[in-house]
Amino acid sequence: MVAIKFYGAAGTVTGSHFVVTTSSTKFAVDAGMFQGVECEEKNLDDYTYDVSGLDFVLLTHAHMDHSGLVPKLFKNGFKGKIYSTLDTFKLCEQLFIDSARIQENNFSKGIPYAKSSDEVGIVYNVEEAEKSLRYFNLVNFDETFSPSKGILVTYRIAGHILGAASIEIEVVDQGTRRKIVFSGDIGRLKSQIIDSFDKDYTSEADVIIMESLYGGITHPDREETSREFIKVLRQTVKSGGSVFIPSFAVQRTQELLHDLKTAILHRELDSNVSIFLDSPLAQRVTSIYENSTYVQVQDNFYFKQLRFVRKNKHSISLANKKGIVVIAGSGMADGGRIVSHLKRALIDKRNAILFVGFQAIGTLGRELVDGNKRVSIDGYEIDVKAQIHHFTGFSAHGDSNDYVNWLKRYGDNNKQIFLVHAEPDRLLDMKSLLSERGYKNVIIPNIEDEFFV
């Protein structure tokens, strides 16, 4: 029998980490960070199993809640290979080092690792992050390889972010053959800038571990969302205010740049508007997108109105400008340069803050989209007078319809399905939806649950 143990993303959104054990092999799918106030200190915890016993790791994609603890694995004795697509590796190069530098900086200042804890700790440093990158082995989409005896692996395009994959694993063990599929994060069928998953692809599967972040939810139309976004931005700048957009460095920023460029070309936005990308990480990631063969149209992201802000002193100087657009990290406004901007921007009713992604409980972004009129930033109490807008239609995650389309590719309704990567209510809604569609064996696992498949 094959065993799957859920060490993360079970009953919660983040911390993706699943361990598969056969009679001869033990491997992991993903090694992600826990993110959010309620769980981020878990990243400092010791592993509850011996990671040196892992033969290899398969990464679905580069988002830190799927890849961010890879350096920790090596720090704790793992000596195997990491398999990923080329674009996932390129993104991990940037994200691992960025995370390690932030950790080192906070540690040197005595800043607690987690907002819910007083513990000053570090998961890994820059040297450990760099070391882990040496062990990546690159794989191509749709090409089957064998990382160990009795294991055949194929990466399929998931369409979530650049390089993202759903992973199909055939396990031959003691005379039995089982096909296990890890969805990773499933993208939307209509993607603005990258290739989406192929809904017409067909295969078979015995077991599926499937993301359910937006279970029971249908996203607003992406094009309509973009039009509303540009309308608010245009009106704010015209009235003398500035627009501040907290944005994730990977995928979201590139989509926004594409939308802004398109709006200027179509004269939906004043060609004299100055747009500042105030995130060195997002600038480097954009270069990776620009040079990838899996981006639908090249030269998507650069235009003459776009300014790159590299040094922190130049970021601070933006406070003296009016009628500008600033894109800065982080996407939930819980760190990065956007925090300094918000301290000044929130008190001016002419300004607009445009949130373009999921806002986790406990983050500044969540407080603002929930309508709080007074927030605390770096120990200062700030009155919220700026306009707050939350656009949910930009999500790079699929919704219920996308999940069902992705799942249909794997045949009949009798397979075993485990729902992960979602808050409890979304998991229950997704299970109910699948039950209505005839799927009889749908399971919602908890952390450290183990199932024999």
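Up top you'll find the structure we're talking about.
Residues numbered from 1 in each chain as written. Predicted model: local features only at pLDDT ≥ 70, side-chain atom pairs only at ≥ 80, totals over all residues. Heavy atoms only, no water.

Trainee: Looking at this structure, how should I read helix 12 (residues 424-436)?
Mentor: Counting along an α-helix, one turn takes 3.6 residues, and residues three or four places apart therefore face a common direction. An ideal rise of 1.5 Å per residue puts 18 Å on 13 residues; helix 12 measures up with 19 Å between its terminal C-alpha atoms. By the burial criterion, the buried members of helix 12 are R426, L427, M430, L433 and L434. Down the axis of helix 12, the buried side of the element spans an arc of 130°, and every buried residue falls inside it. Summarising the geometry of helix 12, the exposed residues directed more than 90 degrees from the buried face are P424, L428 and E436. Looking at the buried side of helix 12, the elements it contacts are strand 11 (207-211), helix 11 (400-408), strand 20 (416-420) and strand 21 (442-443). G438 occupies a position one or two residues after helix 12 and carries a positive phi of about 95°. (Helix = DSSP H or I, 4+ residues; strand = E, 2+ residues; numbered from the N terminus. Expected span 1.5 Å × (residues − 1). Buried < 20%, exposed > 50% of the residue type's maximum accessible area, 1.4 Å probe, protein only. Arc of directions from axis to C-beta. Contact = heavy atoms within 4.5 Å.)

Trainee: Would you take a moment to explain the packing of helix 5 (residues 222-238) against helix 6 (residues 252-265) for this structure?
Mentor: When two helices pack together, you describe them by how their axes are tilted relative to each other and by the distance separating the axes. Orientation of helix 5 relative to helix 6, taken along the N-to-C sense of each, is 70°, at an axis distance of 11 Å. Between helix 5 and helix 6, the crossing angle belongs to the class labelled roughly perpendicular. Along this stretch, helix 5 crosses helix 6, giving a crossing that reads as right-handed. Contacts between helix 5 and helix 6 involve R222, S226, F229, I230 and L233 from the first element and E255, L256, D259, L260 and A263 from the second. (Axes fitted to C-alpha atoms, helices over the stretch in contact; angles between N-to-C directions. Parallel < 35°, antiparallel > 145°, perpendicular 65-115°, else oblique. Left-handed = near helix turned anticlockwise from the far one by under 90°.)

Trainee: What's the story with the sheet that holds strand 13 (residues 275-278) in this structure? I'm lost.
Mentor: The strands that make up a sheet are held in pairs by hydrogen bonds between backbone atoms, and each pair lies either parallel or antiparallel. Here 6 strands make up an open sheet; going across it, the order is 14-13-15-12-16-19 and the pairing parallel. Since the sheet does not close on itself, it has two edges, and those belong to strand 14 (306-308) and strand 19 (387-390), each with one partner. The sheet shows a mean angle of 20° between the axes of neighbouring strands, direction not considered. Its contacts with the sheet place helix 9 (residues 337-345) against strand 12 (243-246), strand 13, strand 15 (325-328) and strand 16 (352-355), and it is angled at close to 145° to strand 12. (Pairing = 2+ DSSP bridges.)

Trainee: Just to check I follow, could you spell out the side chain of R409 for this structure?
Mentor: With respect to the element layout, R409 can be found in the loop between helix 11 and strand 20. Buried and without a salt bridge, R409 has E168 as its closest oppositely charged side chain, separated by 5.2 Å. (Lys, Arg positive; Asp, Glu negative; His and termini not counted. Salt bridge = Lys/Arg side-chain N within 4 Å of Asp/Glu carboxyl O.)

Trainee: I tried to follow the packing of aromatic side chains on my own but got confused; where do I start?
Mentor: Each aromatic ring pair is characterised by the separation of its centres together with the angle its planes make. One pass over the structure, following the stated rule, counts 23 aromatic pairs. Relative to F391, the ring of F229 lies with its centre 5.7 Å away and its plane at 80°, an arrangement referred to as edge-to-face. Of this pair, F229 sits in helix 5 while F391 sits in the loop between strand 19 and helix 11, and the two are 162 residues apart along the sequence. Across the pair, F391 and F229 agree in class, each one buried. An aromatic cluster is defined as three or more aromatic residues linked by ring pairs; in this entry it consists of F6, F18, F182, F418 and F451. Above the ring of F34, the side-chain terminus of K42 is found at 5.0 Å from the ring centroid. Just above the ring of Y47 sits the side chain of K72; from NZ or CZ to the centre is 4.7 Å. (Phe/Tyr/Trp six-rings, centres within 6.5 Å; stacked < 30°, edge-to-face > 60°. Lys NZ or Arg CZ within 6 Å of the ring centre and 35° of its normal.)

Trainee: Looking at this model, I keep getting lost on the pairing of strand 16. Mind explaining?
Mentor: Two faces belong to every sheet, and in a regular strand the side chains alternate between them. Across the two faces of strand 16 the burial is the same, with A352 and L354 and I353 and F355 all buried. In this sheet, strand 19 lies alongside strand 16 in parallel orientation, the contact comprising 4 bridges. Paired with A352 across the two strands is Q387, which belongs to strand 19.

Trainee: Would you take a moment to explain helix 11 for this structure?
Mentor: Among all positions in helix 11, only S400, D402, Y403, V404, W406 and L407 are buried. N-cap assignment for helix 11: the residue whose side-chain oxygen lies 3.1 Å from the backbone N of N401 is D399. (Polar contact = N/O pair within 3.5 Å; in protein donor to acceptor, adjacent residues only side chain to side chain.)

Trainee: How should I be thinking about the sheet that holds strand 4 (residues 56-58) in this particular structure?
Mentor: Reading across from one edge, 6-5-4-3-2-1-22 is the order of the 7 strands in this open sheet, with mixed pairing throughout. Only two strands of the sheet have a single partner each, and these edge strands are strand 6 (136-138) and strand 22 (450-452). Ignoring strand direction, the axes of neighbouring strands in this sheet form an average angle of 25°. Sheet topology places strand 2 (residues 18-21) next to strand 3 (residues 26-29); 4 bridges connect them, and they run antiparallel. Considered in strand 3, the bridge of V20 is made with F27. Against the sheet, helix 3 (residues 86-108) touches strand 5 (81-84) and strand 6, its axis set at about 150° to strand 6.

Trainee: So what exactly am I meant to see when it comes to the packing of helix 11 against helix 12 here?
Mentor: The geometry of helix 11 relative to helix 12 is characterised by a closest axis approach of 11 Å and an angle of 50° between their N-to-C directions. The orientation of helix 11 relative to helix 12 falls into the category oblique. In this structure, the crossing between helix 11 and helix 12 has a hand that is right-handed. Judged by residue contacts, S400, Y403, V404 and L407 of helix 11 engage M430, L433 and L434 from helix 12. Looking at the contact of helix 11 with helix 12 residue by residue, the class counts come to 6 nonpolar, 1 polar and no charged. (Nonpolar A, V, L, I, M, F, W, Y, C, P; charged D, E, K, R; others polar.)

Trainee: Mind showing me how you'd approach the pattern of salt bridges here?
Mentor: It is possible for side chains of opposite charge to pair when their charged atoms get near one another. One pass over the full model with this rule turns up 19 salt bridges. One salt bridge in this structure joins R222 and D259, with 3.0 Å as the shortest N-O distance. Within this pair, whereas R222 is found in helix 5, its partner D259 is found in helix 6, the two being separated by 37 residues in sequence. Its relative accessible area of 4% is what places D259 among the buried residues. The closest approach of N and O atoms between R374 and D383, which form a salt bridge, is 2.5 Å. One salt-bridge network, held together by shared partners, links D142, R156, E168 and K179.

Trainee: Just to check I follow, could you spell out the side chain of H258 for this structure?
Mentor: Along the chain, H258 falls in helix 6. Judged by relative accessible area, which is 15%, H258 ranks as buried. A distance of 3.4 Å separates the side chain of H258 from the side chain of N300, its partner in a polar contact. For H258, the residues in contact, after removing those within four places along its chain, are Q192, I193, N300 and F301.

Treat this as a map of the structure, not an account of what it does.
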